[in-house]
Amino acid sequence: MSMTGQEMENIFEKQNLWRKLSLFDWGWAGLLMMSTAYAWQQYSVFMDTYEAGILIATTLSIIAWGWLWKPVRAYSLYVAVISLFAIYLYGNDLALGETNFFLKFLISSKSAIMWMSALYVLATVAYFIGLFIGSEFSSKTASAMTWSATVMGLVGLLVRWRESYLIHFDVGHIPVSNLYEVFILFSIITALLYLYYEGKSKTYNMGGFVLLVISSAVAFLLWYGFGSRGASEIQPLVPALQSYWMKIHVPANFVGYGAFALAAMLGVAYLIKDTMVNRGSNGAIINRFPDLEILDDVMYKAIALGFAFFTLATILGAMWAAEAWGGYWSWDPKETWALIVWLNYAAWLHLRLTKGWRGRPLAWWSVIGLFVTLFAFIGVNMFLSGLHSYGEL
Amino acid sequence: MSNEIKSDKQHLGDIASEEVSLQQQAIERERSNRKEHGLLKVLLSFMGSMELAISLFVIIGIASIIGTILQQNQDYNTYIIKFGPFWFEVFRSMELFDIYSSWWFVLLLGFLLASTATCIYRYTPTIIREWRQFRLNISSKSLKLMHSSSSWSSQISPDETAQFIQEKLSNGGYQSRQKNEQGVITIAAKKGAINRLGYLFTHGAIIVICLSALYDGNFNLKLREVAGQLKPETRDLFASQVPDISRLKAHENHAFRGNASIPEGSTTGLVFLQMRNGYLVQELPFNISLNDFRIEHYESGMPKSFESDVVIEDKETGEQISKTIEVNHPLIYKDFAIYQASFDDGGSVMDIQAWPLSATEQDSKPFNIEPFKQVVGEKKLIQTPDGDYKLELAEFKKSNVQPNPKAGTGENERKFKNMGPSLTFRIRDSSGQAQEFINYLNPSAQEGRFFFLSGVRSTAAEPFRYLFIPADDDISLKRFFDFRALLSDSVQMKRIAEKTAAMSLQSAGTPNSEMVTQMAVVMQRLAELFNQGGFDLVLNDINDKVPEDRRKEVSDSYFKVLQTILGTVYLEVLQGEGVDIENNITPAQERYYDDLVNTMGVVSNYKAPFYLQVKSFEHKEASGFQITKSPGKDLVYLGCVLLCIGIVLMFYVAHKRIWIIITPAAEDESGSHLVVAGSGDRHQKEFAMEFKALSQLLDKQFSKSG
Ligand code: HEM
C-alpha cells in the first residue's frame, strides 16, 4: 500500500473516513458479510459461543484488512472461488480426490500444496534473476508467482479443512494441528507480509532473500510431509487440541514467526549490501539492492509487528493452557522457548528504541534471532519433550 | 538515563538541540525535586539502566534454555544415572533440576521487577508531561533546526493565518494550542501523544504479570521448607501415612497445583503437590468422588475424548455438585479449578493362571501354581523350583488398535484391527534383574490358525520379541503346556522312549533288546535337549561330540529319531484329551503339531520361569485430575491486556508534533510570516510524508519563503 502525495494531501482536508472507500470496497465487505451469514445459517448448530465470536471477528478483520491493503480483496476472492470449486467437486466423496481431474491435478489439498511449493521455488529463482540481471519483467513475474503460490497455499489449507470433515465428522478440524500444516501456514504468512512491504516500498529486490526462507520451508515441507513419514495424512486431534483456542493461538503465532523470518532475511540483504558498499564495490547488482535505510526500516517494522503478534499469541497460549493443562504457565519447553524468543526481540526493540542502535548490529541480531525462532518452532519438537509433544519429528 | 535520551535524540538528529536540553532540564528538575542523594542516585541509575535490563533479558533467557535442555523435576535416580554422583550433587546444589523455582531464578525475576519499577518511577513524570504538554515555549530558531521545517509568507493577517492553519491541523487529527505574545502567534500541535503512555502500560504490565505469577507459584512453600516447617516426602506412601511435616491443611496454602488419581467409585479429599523429587499432601476443603470415567477412541485407537462424572462435596457445608469434566472443560468450584488431566488404571483385577516353563529341573515334579488374582500395579512373590520371582503387573490395556497390515488388499479389510486386551508385566529374579513381557489375552489369527502372543524384552529401549503359542482345538493353551509337561517328566519320557524305540525298531525288523534300550536312551536324551534348548541345542550337542565328517549323517538320523519321539509324545497328549488317535486325527491337529514343534524350538529364548495367562479380568479405570488454586490468574490476564494495549500504543500510534510560529510582516504590510516545523519521534518516515502533504497545502495558500 503506497500513499501518493495526492492521497496524503487529503489528510489535512475536511473529510469523511468512509468516503475513502470505493464501491468495490463496500461490495467486497457486503459479499463477506453475506458469506458469513450463510455460513452461520448452515453451521451455527455446530458452533459454541466462542467459535461464533471467532467467525465474526474473522470476517471483520478480513474486511478491515482488505480496506487497509487493497490487494487482499482480490486475493481472498481468488482463494474463495477456487476453494469453493474444490469443495463443490468433492461433494461428499473424498475418493473423488483420486479420480476427478481437477482435484487430482490441481486443487485437492495435496495438489494445491504441490503447486504452491513449485511456484514459491520458481519465484525465488525469478526474483534472483531479476536482481542479478536487472530484469523488471523477471521481478514482476516472480511477484505474480508469489501471489499465485500464496493463493494455492491458502486454497490447500482450506480444502484440507474440508477434507478432514469428509474423512469423518469427528476427525474434522482446522488444519493448523501438526508441523506439515503449520509449515504451509508459515510459508503463506511470510509471503503475505513480504508482499505487503513489496507493494508498499515498490521494490522487488528484497524478494529473492525472503523467498529463500520460504523455499527452505517448502523443502522441509516436502521432505517431512511427503517423505516416508507420511505427515501429510490428515490425523484426528488428541483431546487437548480440540478447542477453539487453536483457531486463534496458532495463526497468531505464525504471524510472529513469519514476521521474524522476514526481518531476518532483510537483515541478510542489509549485511550483504552494507559489506559490499564498505568494500567500495559499486556494481549494478549492489546498486539494485534496496536502500540500506529502507531495509533497516522495514526490518524494524517487521519485528515490531512480529513482536506484537507473538506477544498476543503467547498470551492466548497461556489462556489456553489455563484451560487445558491446569495452569497458565508450566515452563513446558515450547512455552519457555516462546519466552526466550520474546525476550530476544524485546531486547532488540529496546536497543533500537532507547539506545538508538541501527544498521549492522541489529541486522546481525535479527539474523541470529531467526535461529532462536527456528529452534522454538521446530527444534523444540525435534529435541525436547513436553506437553506440546504433538507434531514430533 | 539522560545520556541515553541524548544519544537517542542525537542519533535521530531530528529534534533541535534546544529541545533536548529542554527535556534534560525537565529531568534535572525532576531529580532535584526528589532530592536524590549520592548512593540512592547511583543505585537508581544502576537499577534503571538499559544495560541491566538487556543483561537480565539475556541471563533469564539462558537460564530458561538450560531448563528446557535439562529435563526438570525428574526422579533423582534418573539424574544420578545420567550424570554420575558428582555432577548430580553439583547440579542439585545449584537447583538445576528445578530451575524455575530456584532461589536464583526468582532473584533474577526480582531484579527484572526492580529494574522495571525503577524505570517507571524515574520516567513517569517526564512521560506524563510529554503526553499532556503542548510545548508552546519554542523559538523559531529551534524550529528551523528541525529536519522537517519550512517557511512561508502569507497575505493575510497572523490571526487569520493561525485560524486557517489550526483548522487544517484539526482536520489532520492534531490537537493544538496557541499563544500570542506581542503579536507573535505560536501554535503547538500534537497527535498520538498517547503513544508515550505505551511505555507505562508495557512496563507496568511486566510488573503486574511477574508479581501475580510469583504469587501463584510455590515460592512460599520453599520458604517454609527453609524454615523447617515443611519437608517434602520422598517415600512411596499411602496418603494417610504421610507425616504431618509433609502435609498442608485445606486453608493453609493460598495457591497450588496438585494431582489426584481417583479410581472409579472412589473418593478423595486431597491432592499431591510435586516438589522436586518428593511431594506434599495438600488437603482440600471438599471431597471429589468419581462416579464414572469414559474414554472414547477414534478408529485408529487414538483417544478421542475422556471425561469424568464427578461429585464435589463441600467438607464444611456438605453441599454437593455433580458435573462432568472433560479435557479443555474444567470444573471451576469456588477458587479451585479441577481439570481432566490423564487416566490410569484404577486397580483392575487380573485372574491369572501361571503355566510352568522351566525345563531345567527334569527330575523334580513340575511345580504347580494355583490360579490367583492380582491387582494391576501390585507385586507378588512367586516361588518356583528355579528360585523366587517377583511378578509386577505394570499396565493393563483394554484394547490395542493397530494399523492393519492387510489394509487395502481386500474390499472389507479395515484400516485398523483391534488386538484386544493386553497385560504388561515384569518378572524380576532374586538378583533384581527383570524382563518385561506383554501378553495379549485373546489369541490372534495368523493364516487361519490361532496363536497366543507374548512379547519379551530386557530393557524398555528394545522392541518386544514375540513368542507365538499355538491355540488348541478349544482355543486354549492347555495342549501346549500338557505337551511341555510331559516332555519334562523324565519318568513318563523313559516309558515313552522305550515304547517308541521298540516300535520303530520293530518296524525296521530287528527287535534286539539291547538296541532298544540304547535307542531309548538316545531318544530320551534328544528329547531332553530339545526341551531345554530346541533344535539349536541338539545341533550344538552333535557338533560337540561328533567329528565333522560324520555330522551330517548323524544329525540326519538324530533328527529323524527326535521327530519320532516328539510325535509319540504328541499322540499321547492327544490321547489324554480323548482324541481317537488311531482313526480320527484332524488336519488341524496335524498342523498344530508343526506349530507346536516350531514354538518349542524357540521357547528357550523366552526367558521366563512361567507363562502367564490372564483368564479373565475386572477392568477398573482411574481418572487423573489436576486441581489448582491460582488467585493471581486474573491479575496476570489484566497485565496481559495492559501489555497488549501498551505495545499497540508504542508501535502503532505515531507521536507527531507540529509547531507554527507566525510573525506579523513588517508594519506597513498586512501579511504575515510563518515558520512551520515538526517531528515524528519514532515515526519519522510517516511524519515526513505528512509534512509534505501539509507543505503542499500551504504552498497553495501561501508563498514559500525559503
Ligand atoms: C513488554 C515488553 C517491553 C517493551 C515492549 C518495552 C519497551 C520499551 C521502550 C519502547 C522503551 C523506551 C521508552 C521510551 O524512551 O519511550 C523502554 C525503555 C526501557 N525498558 Fe522496556 N519494554 C519492555 C519490557 C521491559 C522490561 C521487562 C524491562 C525490565 C528490565 C524493561 C526495561 C527498560 C528500561 C531500563 C528502559 C529504559 C528506560 C529509560 O531510559 O528511562 N523493559 N522499554
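Computed from a predicted model, the values in this text were never measured in an experiment.

Visitor: So what about the overall build of chain B? Which residues, and what values?
Guide: For chain B, the helix and strand inventory stands at 17 helices and 27 strands. In terms of C-alpha radius of gyration, chain B reaches 43 Å, well past the compact-globule figure of 27 Å for 706 residues. Projected onto its principal axes, the C-alpha coordinates of chain B cover approximately 155 × 60 × 50 Å. Scored against the burial criterion, the 706 residues of chain B give a buried share of 49%. Intrachain contacts of chain B at a sequence separation of at least 6 include 64% that bridge at least 24 residues. Looking at charge distribution, chain B has the averaged site of its 75 positive side-chain charges lying 8 Å from that of its 86 negative ones.

Visitor: A description of the site of the ligand should follow, citing residues and the corresponding values.
Guide: Surrounding the ligand, one finds 25 residues, the nearest of these being A:His350, A:Thr354, B:Thr116, B:Cys119 and B:His203. Residues close to the ligand are split across chains A and B. In the model, an oxygen atom of the ligand is placed 3.4 Å from a nitrogen or oxygen of the B:Arg196 side chain. B:His203 is positioned such that a nitrogen or oxygen atom in its side chain is 2.6 Å from a nitrogen atom of the ligand. Only α14 (333-353) of chain A together with α4 (50-69), α6 (103-132), α9 (195-216) and α16 (633-652) of chain B provide two or more residues apiece to the shell around the ligand. Here the shell around the ligand is built from residues that sort into 14 nonpolar, eight polar and three charged. Each of domain 1 (1-17 + 135-192 + 656-706) and domain 2 (19-134) of chain B contributes no fewer than three residues to the shell around the ligand.

Visitor: Could you give me a rundown of the packing of aromatic side chains, with the residues and numbers involved?
Guide: Within this structure, the stated rule accounts for 74 aromatic pairs over all chains. With a centroid separation of 5.5 Å and an interplanar angle of 75°, the aromatic rings of A:Phe128 and A:Phe209 are classed as edge-to-face. Residue A:Phe128 is located in helix α7 (residues 109-133), and its partner A:Phe209 is located in helix α10 (residues 207-226); the two are separated by 81 residues in the primary sequence. Across the pair, exposure class does not vary: A:Phe128 and A:Phe209 are buried alike. In this structure an aromatic cluster arises from ring pairing among A:Phe183, A:Phe186, A:Phe220, A:Trp223, A:Tyr224, A:Phe254, A:Tyr257, A:Phe260, A:Phe310, A:Tyr345 and A:Phe377. The cationic tip of B:Arg132 hangs over the ring face of B:Trp131; the distance from NZ or CZ to the ring centre is 5.5 Å. The side chain of B:Arg479 reaches across the aromatic face of B:Tyr592, ending 4.7 Å from its centre.

Visitor: Can you break down the pairing of strand β3 (residues 184-191) of chain B residue by residue, with the values?
Guide: All names here are of chain B. In terms of burial, β3 is a largely internal element, seven of the eight residues being buried. As defined by bridge partners, strand β2 (residues 175-181) adjoins β3 across seven bridges and the pair is classed as antiparallel. If you follow arginine 177 over to β3, its bridge partner there is alanine 188. Turn length for the β2-β3 hairpin, with the two strands adjacent in sequence and antiparallel, is two residues, and the turn residue glutamine 182 shows positive phi of about 50°.

Basis of the calculations
- Residues numbered from 1 in each chain as written.
- Chains lettered and ligands numbered in written order.
- Predicted model: local features only at pLDDT ≥ 70, side-chain atom pairs only at ≥ 80, totals over all residues.
- Heavy atoms only, no water.
- Helix = DSSP H or I, 4+ residues; strand = E, 2+ residues; numbered from the N terminus.
- Rg over C-alpha atoms; globule rule 2.2 N^0.38 Å.
- Buried < 20%, exposed > 50% of the residue type's maximum accessible area, 1.4 Å probe, protein only.
- Contact = heavy atoms within 4.5 Å.
- Lys, Arg positive; Asp, Glu negative; His and termini not counted.
- Charge placed at Lys NZ, Arg CZ, Asp CG, Glu CD.
- Near = heavy atom within 4 Å.
- Polar contact = N/O pair within 3.5 Å; in protein donor to acceptor, adjacent residues only side chain to side chain.
- Nonpolar A, V, L, I, M, F, W, Y, C, P; charged D, E, K, R; others polar.
- Domains from an automatic or database assignment.
- Phe/Tyr/Trp six-rings, centres within 6.5 Å; stacked < 30°, edge-to-face > 60°.
- Lys NZ or Arg CZ within 6 Å of the ring centre and 35° of its normal.
- Pairing = 2+ DSSP bridges.

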